[in-house]
Amino acid sequence: MSNDFSSYGLWSLVVLNSVVFIMFIFSFFKPKSARDWRTFGSISAFIIALFTEMYGFPLTIYFLSGWLQKKYPEVDLLSHNSGHLWYTFIGGNGDPHFNILHILSYFVIGAGFYLLSSAWHVLFFSQKMNKLAITGPYSKIRHPQYVAFAMIMFGFLLQWPTILTLLMFPILLIMYKHLALTEEREVRSIFGKAYDDYANKTPRFIPSWKVRS
């Protein structure tokens, strides 16, 4: 294994990238309730864990170093490029930033931010007018904001998988499902049959492309 640590220990980049992405998400999500802040806090923790390994300390690389060194002896495990583990696993050569998974990750992350922004816009005006949010992305799925967070996290995992973020991802998905069910009970108690009618024809997380009669 190389002794070149120049790709890591860059804690200023950890802080800078974490702050930039967290503030970016904040500007789209604009948390207000305690539930919103919990949701925002969970994805913030995911991002901090991601950039800590990306620029600070490569815990996953160290943990898997024995297996990686045996499986990929030609790879310099402490180079920054080696942190793109999916690229290493598929035997990629050259700059991993131009591989299909990395490019796909940009589309997934961008789509996640777009969905988050669109959903917040609809939800803000619906709440202001004390109406159900049923237009825009809410016409396709009942919880577009949670789907957007899942897309953003999945996009980052396509770029830079780590043990911690891979463990966090399913846990956060379960948490978001629980929050979604809690929200549904609360909204149903306010709007009653109107919400039931909406829920009966609108999927929770995965849109249906069937033509409605």
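Residues numbered from 1 in each chain as written. Predicted model: local features only at pLDDT ≥ 70, side-chain atom pairs only at ≥ 80, totals over all residues. Heavy atoms only, no water.

K.L.:
Can you break down empty space enclosed by the protein residue by residue, with the values?
P.N.:
Applying the stated rule across the entire model yields two cavities of 30 Å³ or more. The calculated volume of the largest cavity comes to roughly 40 Å³. In the lining of the largest cavity, the residues fall into five nonpolar, three polar and one charged. By volume, the second largest cavity is sized at about 30 Å³. Around the second largest cavity, the lining residues are His-84, Trp-86, Tyr-87, Asn-99, Leu-101, His-102, Leu-158 and Gln-159. Listing elements by their share of the lining of the second largest cavity, those giving two or more residues are α5 (85–89), α6 (100–128) and α7 (144–159). Taken together, the residues of the lining of the second largest cavity sort by class into four nonpolar, four polar and no charged. (1 Å grid on protein atoms, 1.4 Å probe; cavity = no way out; pocket = protein on both sides within 12 Å on 5 of 7 lines; lining within 4 Å. Points joined across faces, edges and corners; volume = space filled by probe spheres on them. Nonpolar A, V, L, I, M, F, W, Y, C, P; charged D, E, K, R; others polar. Helix = DSSP H or I, 4+ residues; strand = E, 2+ residues; numbered from the N terminus.)

K.L.:
Which residues make up the packing of helix α1 (residues 11–29) against α6, and what are the values?
P.N.:
Any two packed helices are characterised by the angle at which their axes cross and by the distance between the axes. Contact pair α1 / α6: the axes reach a minimum separation of 8 Å and the direction vectors enclose 35 degrees. Facing α1, whose interface residues are Phe-21, Phe-24, Ile-25, Phe-28 and Phe-29, α6 presents Phe-113, Leu-116, Ser-117 and Trp-120. For the contact of α1 with α6, the class distribution of residues is eight nonpolar, one polar and no charged. (Axes fitted to C-alpha atoms, helices over the stretch in contact; angles between N-to-C directions. Contact = heavy atoms within 4.5 Å.)

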